[in-house]
Amino acid sequence: MVERYVMSIDQGTTSTRCILFDHGGRLVSVAQHEHEQHFPRPGWVEHDAVEIWHTLQRVVPQALSHADVSPEEVAAIGIANQRETTVLWDRRTGTPLGRAIVWQDTRTAPMVEELRNEPGDDFFLQRCCLAPSTYFSAPRIRWLFDHVDGLRQRAEDGEVLFGTMESWLIWKLTGGPAGGRHLTDVTNASRTMLMNISTLDWDEELLEFFGVPRPMLPEIRSSAEDYGTARTVLPGVRITAALGDQQAALFGQTCFAPGEAKCTYGTGSFLLLNTGTDLVRSRHGLLTTVAYKIEDQPAVYALEGPIAVTGALVQWFRDRLGLISTAPEIETLARSVEDNGGCYIVPAFSGLYAPHWRSDARGVIVGLTSYITKGHLARAVLEATGWQTREVVDAMNADFPLPLKVLKVDGGMTSDNLLMQFLADALDVPVVRPMAVETVSLGAAYAAGLAAGYWPDLEVLRRNWHRAAEWLPKMSPERRQSEYENWKRAVERALGWIASPDPT
Ligand SMILES: Nc1ncnc2c1ncn2[C@@H]1O[C@H](COP(=O)(O)OP(=O)(O)O)[C@@H](O)[C@H]1O
Ligand SMILES: O=P(O)(O)OC[C@H](O)CO
């Protein structure tokens, strides 16, 4: 039978999605299931890896049946996943050793503060291009070793496996305890703080520093190559790609040339700029990460500016303040006024990520007067996303010789026209959104399809990208400048609010 589709599995922070794509990169079928978010203590965020595995087992057959597609018609599977989330499991039984610790979890804050002082940021930056943060995986492994009796010894004895979500799911799909393959890809490995960003292998000094025994680590592979054949769920179908979800979105947006960038606007937002095959070390608060690596071709790098809270601020406005009942209503409310009335919101709910990396920041609302209405607050909520993006773009322009010419966008917030216009105004560059909005899934499918020979090359993929909407800058330079200055003053007020992190 002719293999007509590529399947992608997007294992995200809130849900797992399975999508089938055809040769034109068109979405043929989709199935999605959420999983539970566990918040056992303030700042802690956990997922049940077994529940996530069960959601995968549900969405795959559903996506097939929605389009009446048989497994034989699937050419390959690509996996994209929430990054940095840490799962440990028993090699022999396949049982996770506790819940997965999610990328948003801040329990390692006291450890991270210590690491930033001693051995200090440079020790890490030289090796993995990441400064210590609660965001990454390695501090979580060390935290687990320090808090779970006997775990370190079991890991040293080779009984424990570590992985991010793609690693766990590939192991499960390829057989679990009965010969499952323990693999990861370079993009995911580049977020652990354990991979050397130049050699693309686990870094001995980092492993030693964090006390992580090598046998617990997956083998690092390129993003697009043979990961093995599924033994269950879709038996007989090859898994041929794995990428972190934000790198997958960059790939799905076909940002294949140096200087091309995308930003995905969801709960948080992630701006990635393709910097080519040369490693660019940020001097302005960005992460250097692997964008993708296709089979044995050289790795392509990216500069990334992760922003922790964007859509989450809209959710807070809706769920905690109750000022709107659905997220899209924020646009209507914001349009009820001309401007922000002098009000700015810095949503540093759990500190600030790029380019500040300050865990001691907390959210502030400034400029309040009796004139301010909920409409002004709604504007300030949306504008916070625009200005946070601007800060990241300024850092990128300072780090990389090619200034940003256009920003490709995707994600749930891009349905907000007022926000997208504000973004173009804040950045002073055009903002464009493609027809294919499921860019994470598409990127995983593209990588899988390239490795499986379903698509021949990047040029063919480029031709699948079609513009659906564009927003051009309209704001006067004077206004942009003065508003941005106000935003920066607001950020100053958010910094340093927490005297010292809670020593959990
Ligand atoms: N019209 C809108 N205006 C502003 N924010 C929106 C709008 N629609 C959705 N959002 C926000 O976008 C986020 C959902 O986007 P999505 O891409 O599904 O996120 P994720 O993949 O992180 O779950 C939510 O945080 C929601 O508050
Ligand atoms: O799953 P998402 O879309 O929330 O993305 C999470 C990121 O990969 C975290 O780094």
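All values derive from a computational prediction rather than experimental measurement.

(A) Highlighting the UniProt feature "binding site: sn-glycerol 3-phosphate" (unreviewed entry) in the chain. According to UniProt, the feature "binding site: sn-glycerol 3-phosphate" (unreviewed entry) maps to Thr 13, Arg 83, Glu 84, Tyr 135 and Asp 245 in the numbering used here. For Thr 13, the position within the fold is in the loop between strand S1 (5–11) and strand S2 (15–21). In this structure Thr 13 touches His 35, Gln 37, His 47, Gln 82, Val 102, Trp 103 and Gln 104, once residues within four positions along its chain are discounted. Its place among the elements puts Asp 245 in helix H8 (residues 245–252). Beyond its immediate chain neighbours, meaning those up to four positions away, Asp 245 contacts Asp 10, Ala 80, Asn 81, Gln 82, Arg 83 and Val 440.

(B) How the structure looks around the state of the cysteines. Overall, the coordinates contain zero disulfides when judged by the stated rule. Counting only cysteine sulfurs, Cys 128 is the nearest neighbor of Cys 129, a cysteine outside any disulfide, at a range of 7.4 Å. A residue is classified by how much of its surface remains accessible, and Cys 129, at 5% relative accessible area, is buried. The structure places no disulfide on Cys 263, whose sulfur is separated from the nearest cysteine sulfur, that of Cys 255, by 11 Å.

(C) Broad picture of helix H13 (residues 439–451). Look at H13: 18 Å from first C-alpha to last across 13 residues, which is about the 18 Å you get at 1.5 Å a residue. Of all 13 residues in H13, 13 are buried; the element is thus mostly enclosed. One or two steps after H13, the chain reaches Gly 453, where phi turns positive at roughly 80°.

(D) Local environment of the site of ligand 1. For ligand 1, the set of nearby residues contains 16 residues, the closest of which are Thr 267, Gly 311, Gln 315, Gly 412 and Asp 416. The side chain of Gln 315 places a nitrogen or oxygen atom 2.4 Å from an oxygen atom of ligand 1. Interatomic distance of 2.8 Å between a side-chain N/O atom of Asp 416 and a nitrogen atom of ligand 1. Within the complex, the protein chains bury 74% of what would otherwise be the 580 Å² of accessible surface of ligand 1. Here the element with the most residues in the shell around ligand 1 is helix H9 (residues 311–319); it accounts for four residues.

(E) Seen up close, the UniProt feature "domain: Carbohydrate kinase FGGY C-terminal" (unreviewed entry) in the chain. This chain's UniProt record puts "domain: Carbohydrate kinase FGGY C-terminal" (unreviewed entry) on residues 261–452. Between the end C-alpha atoms of residues 261–452 the distance is 26 Å, and the span holds 34% helix and 21% strand.

(F) Region of the structure containing the packing of aromatic side chains. On inspection of all chains with the given rule, the structure shows 23 aromatic pairs. Note on Phe 124 and Phe 209: the rings are 5.4 Å apart at their centroids and 80° apart in plane angle, and the pair reads as edge-to-face. Linking Phe 124 in helix H2 (residues 109–128) with Phe 209 in helix H7 (residues 204–210), this pair joins segments that are 85 residues apart in sequence. On the basis of relative accessible area, Phe 124 is assigned to the buried category, the value being 0%. Taken together, the ring pairs connect Trp 103, Tyr 135, Phe 136, Phe 270, Tyr 353 and Trp 357 into an aromatic cluster. Between Arg 107 and the ring centre of Trp 143, over which it is positioned, the NZ or CZ distance is 4.7 Å. Over the face of the ring belonging to Tyr 484 we find Lys 488, whose NZ or CZ atom lies 4.4 Å from the ring centre.

What counts as what
Residues numbered from 1 in each chain as written. Chains lettered and ligands numbered in written order. Predicted model: local features only at pLDDT ≥ 70, side-chain atom pairs only at ≥ 80, totals over all residues. Heavy atoms only, no water. UniProt positions renumbered as here; feature names shortened; annotations may be inferred. Helix = DSSP H or I, 4+ residues; strand = E, 2+ residues; numbered from the N terminus. Contact = heavy atoms within 4.5 Å. Disulfide = S-S within 2.5 Å. Buried < 20%, exposed > 50% of the residue type's maximum accessible area, 1.4 Å probe, protein only. Expected span 1.5 Å × (residues − 1). Near = heavy atom within 4 Å. Polar contact = N/O pair within 3.5 Å; in protein donor to acceptor, adjacent residues only side chain to side chain. Areas by Shrake-Rupley, 256 points an atom, 1.4 Å probe, with all protein chains shown as cover. Phe/Tyr/Trp six-rings, centres within 6.5 Å; stacked < 30°, edge-to-face > 60°. Lys NZ or Arg CZ within 6 Å of the ring centre and 35° of its normal.

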